[in-house]
Amino acid sequence: MGNINAVVDLRNDGEVAVIVMDRPPVNALGHELREGVMQALARVAADPAVARVVLTGTARAFSGGADITEFGKPPREPNLRQVITALEELPKPVVAAIQGSALGGGLELALGCDHRVGLASARLGLPEIKLGLLPGAGGTQRLPRVLGVEKALGVIISGDPLTGTKAAEGGLLDALLPAEGDFIAAAVSWARAHAAEKRVLSRGDGKLAEARADAGLLDRAAKGLLERARARLAARACVEAVRAALDKPFTEGQAFEREKFMELVSSDESKALRYAFFAEREAQKVPNLPAGVEARPVRRAAVIGAGTMGGGIAMNFANAGIPVTILEMDQAALDRGLGRVEANYATSVKRGSITAEQAARRRALFQPTLDYAAIAEADIVIEAVFEEMELKKKVFALLDAHARPGAVLASNTSYLDINEMAAVTSRPGDVLGMHFFSPANVMKLLEVVRGEKTSPEALATAVAVGRAIGKVPVVVGVCDGFVGNRMLSRRGGQAERLLLEGALPQEVDRALTDFGFRMGPFAMGDLAGLDIGWRLRQARGGRAIIADALVEAGRLGQKTGKGYYAYGADGRTATPDPEVEAIITAASAAQGIPRRAIDQTEILERLLFPMINEGARILAEGIAARAADIDVIWMHGYNWPAFQGGPMYYADRLGLPYVARRLTEFAERSGDETLRPAPLLAELAAAGRGFTDSLEKKPT
Ligand code: NAD
């Protein structure tokens with residue numbers, strides 16, 4: 001409890017006034033906090049004993065930024081810009097003292113102070129772009145004055161925070177304070193020794209001078225950033241706002257920033273990204289979990305199989321500081337698997353994303369073994385052996401025999417029935433699916449597959465573990481391919497069908513990359529290896545006329561230098577191949593399908609709408625609890641562009657009556673009855689509703 005109001009405290013330490021913001025969990029800049037800081041500043045202004053001021057937060061956060069619960073509500077004064085102006089107008093120097101995070105509005109608040117100090121471990125950033133917005137309280141105007149245009153643009157357009165150390169290197173922090181000892185006392189001492197004068201950023205040019213002297217600097221700095229940016233509209237607005245900082249006096253620059261901010265708030269891009277944010281938060285709430293159920297502690301993990309997935313899964317544990325036993329069937333396979341892990345860590349060290357010591361510490365957490373007795377200590381065991389039911393059953397029987405009571409027994413299967421695996425154990429309540437995505441140490445999605453008999457505790461444990469290792473867990477039910485792969489197979493089927501009807505691989509891929517995917521299905525297939533799908537079809541008795549023909553012609557993708565595309569000398573640059581076109585046209589002729597020109601809109605709709613239709617069936621069956629869960633799965637596991645909000649959100653935005661009408665047309669033209677609108681989709685369309693209505697109504 002503060003003495004200004006419930007969340008702000010003011011005390012004097014000699015001639016230094018200390019204003020502490022303490023609104024759990026992260027000092028979000030809600031109305032009460034803004035008002036408290038304003039009042040504290042008024043008191044400080046009137047107090048002749050105060051010569052300088054320290055503004056600080058808690059160990060966790062200086063401030064995490066705007067209070068998202070205020071989004072969409074009528075604005076209440078003082079707004080953040082007014083608080084920042086008050087800081088600048090206070091005739092006494094103010095030092096922002098930063099521990100934990102200073103993000104978004106939190107960093108903008110710190111930029112309103114005359115000096116900034118903090119811990120090396122602090123995180124300072126402007127993540128607004130991740131919601132399709134730009135920093136709207138002067139961030140685009142003040143940050144370039146402190147960091148220079150190039151570094152500031154990097155921070156604003158990536159949305160990624162700087163560490164305190166990096167911030168100090170760039171001049172955003174004036175000094176780093178020691179991690180040990182009383183932080184506030186250290187900040188007060190620093191203020192006494194160094195904060196002699198006002199240094200109001202908005203009143204000077206600071207590091208803008210450099211970019212003013214070099215007319216091309218801004219555009220050069222922006223180029224690469226714009227190419228990589230996911231929220232393209234917002235990224236362009238950020239560049240223009242920084243240009244305004246260069247070209248206009250501060251007040252005009254700030255007005256321009258405000259104008260751009262308001263434009264972005266109502267853009268489709270930002271609406272989709274804000275939806276994505278809320279969808280992810282919603283997915284964290286596990287559906288149908290009885291109250292009071294708690295996750296079991298997980299101190300050690302085990303992974304069975306050190307292949308493509310097993311190695312990556314094990315890395316996740318080691319990266320989170322959890323010791324992990326990794327078991328293989330023979331020494332050669334174990335060595336191969338560990339070799340890949342080793343190479344992965346070496347790459348990270350080379351790239352500078354982790355230090356050599358960190359890599360060594362992580363490697364030391366691996367306990368390789370060939371002996372099931374070694375898994376007895378594990379609190380969770382995840383199998384990632386070949387995708388064969390008989391083998392999986394054998395492995396689960398062994399897990400049952402060797403794992404300690406209460407250990408969660410999980411399968412990383414992509415398609416197979418978790419209930420069948422659970423049935424070979426004496427403890428089906430502890431069995432579930434943990435479906436990671438490739439590369440498993442990178443991709444965020446984790447489908448947690450709840451079996452018929454999975455206990456609430458085991459489920460809660462898998463979800464908690466997923467979060468502890470940095471994943472986005474989404475709970476799904478058992479069916480062929482669960483949520484993601486089940487929908488993906490619809491897209492795959494249509495992709496092949498489009499080739500037979502007249503499209504070429506590059507046209508199909510382009511429809512998806514123009515939409516915002518990083519890769520289309522054929523480029524993706526070539527990257528992963530076409531033999532993977534082929535083997536799966538062989539095992540399941542499926543056929544894909546063109547894909548099979550390519551594999552049978554020795555075109556396995558990048559690894560053989562040719563697949564749907566031909567690959568140049570670097571093995572990566574794809575070019576359309578006349579040989580492939582010949583295979584495709586021959587296949588069309590053999591099937592008696594006349595080829596026709598298919599435009600990009602039809603290609604896109606043929607790929608996406610059947611997936612959405614499958615999503616509707618998945619919802620109706622209760623395999624996914626919420627449409628938002630499906631969207632989260634696609635954004636985090638399949639690179640669905642977040643600025644398009646996920647498949648179910650996208651369908652809502654287009655309008656379900658339109659989606660239903662097009663699906664009906666596709667079904668009638670092709671004779672494929674599975675393309676008819678699923679009952680839930682038809683019903684919602686008729687009722688004028690959408691899949692994601694409940695979340696859309698949330699204030700965004
Ligand atoms: P992989 O062939 O690369 O690895 C499988 C590993 O399991 C091999 O190293 C093999 O030696 C080992 N193994 C086989 N039998 C074993 C046994 N009895 N005991 C111990 N180890 C054994 O396969 P992968 O791509 O890593 O796939 C593994 C599982 O993950 C499959 O169920 C697959 O469907 C699933 N999966 C794969 C992907 C992907 O993109 N590759 C994505 C998600 C899930």
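Our structure is the block above this text.
Keep in mind it's a predicted model, so treat the numbers as computed, not measured.

J.: I would appreciate a short explanation of the overall build of the protein chain in the present structure.
T.: Helix and strand counts for the protein chain come out as 30 helices and 20 strands. Rg of the C-alpha trace for the protein chain: 28 Å, near the compact-globule value of 27 Å for 700 residues, within the 12% margin. In terms of principal-axis extent, the alpha carbons of the protein chain reach across some 90 × 60 × 55 Å. Here the analysis covers contacts within the protein chain between residues at least 6 apart in sequence; of these, 73% occur between residues at least 24 apart. Of the roughly 29,000 Å² of accessible surface on the protein chain, 54% is carried by carbon and sulfur atoms. Taken as two groups, the 84 positive and 86 negative side-chain charges of the protein chain have centres that lie 1 Å from each other.

J.: Is there a simple way to think about the environment of Arg116 in this case?
T.: Mapping Arg116 onto the fold places it in strand S7 (residues 115–118). Judged by its relative accessible area of 2%, Arg116 is buried. Residues within four places of Arg116 in sequence aside, it is in contact with Ala96, Ala110, Leu111, Val146, Leu172, Leu173, Asp174, Ala175 and Leu201. Polar side-chain contacts of Arg116 include one of 2.9 Å to the backbone oxygen of Ala110. A polar contact of 3.1 Å, which involves the side chain of Arg116, links it to the backbone oxygen of Cys113.

J.: Even after reading the chapter, I still don't get the site of the ligand, so can you show me in this structure?
T.: Contacts to the ligand come from 23 residues, most closely from Met309, Glu328, Glu387, Lys392 and Ser414. Contact distances for the ligand include 3.4 Å between an oxygen atom and a backbone N or O atom of Val385. Compared with its free state, where it exposes 820 Å², the ligand has 79% of that area covered by protein. Counting only elements with at least two residues in the shell around the ligand, the list comes to helix H13 (308–319), helix H16 (389–402) and strand S16 (431–436). Residue composition of the shell around the ligand, by class: twelve nonpolar, eight polar and three charged.

J.: Help me understand the side chain of Asn5, please; the structure alone is not making it clear to me.
T.: Residue placement: Asn5 occurs in the segment before strand S1 (8–13). Here Glu32 takes part through its backbone oxygen, which lies 2.9 Å from a polar atom of the side chain of Asn5. Ignoring anything within four residues of it in the chain, the contact list for Asn5 reads Glu32, Glu35 and Gly36.

J.: Where do I start with a positive patch on the surface in this structure?
T.: Judged by side-chain charge, Arg230, Arg232, Arg236 and Arg518 come together as a positively charged surface patch. Relative to the assigned elements, Arg230 resides in the loop between helix H9 (217–228) and helix H10 (232–247). On the basis of relative accessibility, which here comes to 32%, the residue Arg230 falls in the partly exposed class.

J.: Explain the pattern of salt bridges to me, please; I cannot follow it from the model alone.
T.: Pairing between side chains of opposite charge can happen when the charged atoms of each approach one another. Counted by the stated rule, this structure contains 48 salt bridges. In this structure, Arg212 and Asp205 form a salt bridge, with 2.5 Å as the shortest nitrogen-oxygen distance. Taking relative accessible area as the criterion, Arg212 reaches 37% and is therefore assigned partly exposed. A salt bridge links Glu579 to Arg555; the shortest N-O distance between them is 3.1 Å. Note that Glu579 is positioned in helix H24 (residues 578–591) and Arg555 in the loop between helix H23 (545–552) and strand S19 (566–567), a separation of 24 residues in sequence.

J.: Explain helix H20 (residues 505–515) to me, please; I cannot follow it from the model alone.
T.: Because each turn of an α-helix spans 3.6 residues, side chains separated by three or four positions end up pointing in the same direction. By the burial criterion, the buried members of H20 are Pro505, Val508, Asp509, Ala511, Leu512 and Phe515. Projected down its long axis, H20 carries its buried residues within an arc of 150°, all on one side. The inward-facing, buried residues of H20 abut helix H19 (484–501), helix H21 (521–528), H24, helix H25 (600–620) and helix H27 (647–654). Directly beyond the C-terminal end of H20, a positive phi value near 130° is found at Gly516.

Rules used throughout
Residues numbered from 1 in each chain as written. Predicted model: local features only at pLDDT ≥ 70, side-chain atom pairs only at ≥ 80, totals over all residues. Heavy atoms only, no water. Helix = DSSP H or I, 4+ residues; strand = E, 2+ residues; numbered from the N terminus. Rg over C-alpha atoms; globule rule 2.2 N^0.38 Å. Contact = heavy atoms within 4.5 Å. Areas by Shrake-Rupley, 256 points an atom, 1.4 Å probe, with all protein chains shown as cover. Lys, Arg positive; Asp, Glu negative; His and termini not counted. Charge placed at Lys NZ, Arg CZ, Asp CG, Glu CD. Buried < 20%, exposed > 50% of the residue type's maximum accessible area, 1.4 Å probe, protein only. Polar contact = N/O pair within 3.5 Å; in protein donor to acceptor, adjacent residues only side chain to side chain. Near = heavy atom within 4 Å. Nonpolar A, V, L, I, M, F, W, Y, C, P; charged D, E, K, R; others polar. Patch = residues over 30% accessible without salt bridge, like charges linked within 9 Å, V, L, I, M, F, W, Y side chains within 5 Å. Salt bridge = Lys/Arg side-chain N within 4 Å of Asp/Glu carboxyl O. Arc of directions from axis to C-beta.

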